[in-house]
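Chain by chain, the residues run as shown.
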Amino acid sequence: MRKLNELIWHCTATPEGREVSVAEIDRWHRQRGWNGIGYHKVIHLDGSVSDGRPIATMGAHVKGHNRGTIGYVYVGGLDKSGNPKDTRTDAQKATMIRLSQEAVRDYGIRKISGHRDYAAKACPCFDATGEYHWIASGMPSKDPARLIKSRTVAGTTVAAAAGAGATVEAAQDAIAGVQNGLQTLSVGGAIPIIIGLLVVSGALLALYARWDDAGRPSLKEMVS
Ligand SMILES: [Zn+2]
């Protein structure tokens, strides 16, 4: 796999509402003398995704910036009169966020930008760098809806942390229990030792008793 660090967004520069297939883009790009479609993924009007060039293959989408980058394109970018316009449908916007997140997660993408950041073009007809910065940086979005979502995530994290705290408390109780258990075990472990000592003492006393009376020293003599 080639080393990747950036996802660059494009539009097909086609009128609002007009669908475009991978085959059509492939034809356009072959006419330019390229080795087929230059983008890696195509996002259709309904939010569905078609694969273009394999991710592992260098794309042909931004002059001088194809190395280390992947290029995704959404269908649209012009109004009915052919002027640049952010024509993304809600479905396309949702898919584009998901694909951007997956690119960060799966391909090590650290920067998300738009074609216009590298050329005097309108493409992709929206501020991809500004809009997707939060994805590449891992920061919450400026978009209020997304911010609420991220706060919900934060709330869930706090709840999870509280749960973990409770678990730690339980674990501490368990550890205390184990320690008590160990103390019990110590007492239990002492019993065989005491029995063992009694057996040995008894045996010694028996041996002492068998000693010849004449040669047997008194207990007092032995102790003193
Ligand atoms: Zn472009």
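Structure's up top.
Described in the following lines is the structure provided in the data block. (Residues numbered from 1 in each chain as written. Predicted model: local features only at pLDDT ≥ 70, side-chain atom pairs only at ≥ 80, totals over all residues. Heavy atoms only, no water.)

### As for the overall build of the protein chain
Counting its regular elements, the protein chain contains five helices and seven strands. In the protein chain, the succession of helices and strands from N to C terminus is β-β-α-β-β-β-β-α-β-α-α-α. Out of the 224 residues in the protein chain, the part that is buried amounts to 31%. Long-range pairs, those at least 24 residues apart, make up 61% of the contacts in the protein chain between residues at least 6 apart in sequence. (Helix = DSSP H or I, 4+ residues; strand = E, 2+ residues; numbered from the N terminus. Buried < 20%, exposed > 50% of the residue type's maximum accessible area, 1.4 Å probe, protein only. Contact = heavy atoms within 4.5 Å.)

### So, the pattern of salt bridges
A side chain with one charge can pair with a side chain of the opposite charge if their charged atoms come near. In this structure the tally under the stated criterion is eight salt bridges. For Glu 16, the salt bridge identified is with Lys 85, shortest N-O distance 2.7 Å. Of this pair, Glu 16 sits in the loop between β2 (14–15) and α1 (22–31) while Lys 85 sits in the loop between β6 (77–78) and α2 (90–107), and the two are 69 residues apart along the sequence. Glu 16 sits in the partly exposed class, given a relative accessible area of 26%. (Salt bridge = Lys/Arg side-chain N within 4 Å of Asp/Glu carboxyl O.)

### A few points about the environment of Gly 114
Structurally, Gly 114 is set in strand β7 (residues 111–114). When the C-alpha atoms of Gly 114 and Gly 71 are compared, they prove to be 9.2 Å apart, with 43 residues separating the residues in sequence.

### Observations regarding the nonpolar core
Leu 7, Trp 9, Ile 70, Tyr 72 and Tyr 132 are the most contacted members of the largest nonpolar core, which totals 22 residues. Secondary-structure elements contributing two or more residues to this core are β1 (6–11), β5 (69–74), α2 and α3 (128–137). Membership of the second largest hydrophobic core comes to eight residues, among which are Ile 25, Tyr 39, Val 42 and Leu 45. (Core = buried A, V, L, I, M, F, W, Y, C linked by side-chain atoms within 4.5 Å.)

### Quick word on the side chain of Thr 87
With respect to the secondary-structure elements, Thr 87 resides in the loop between β6 and α2. Overall, Thr 87 belongs to the buried group, its relative accessible area being 6%. Among residues more than four places away in sequence, those in contact with Thr 87 are Glu 16, Tyr 74, Val 75, Gly 76, Gly 77, Leu 78 and Gln 92.

Geometry only, nothing functional implied.
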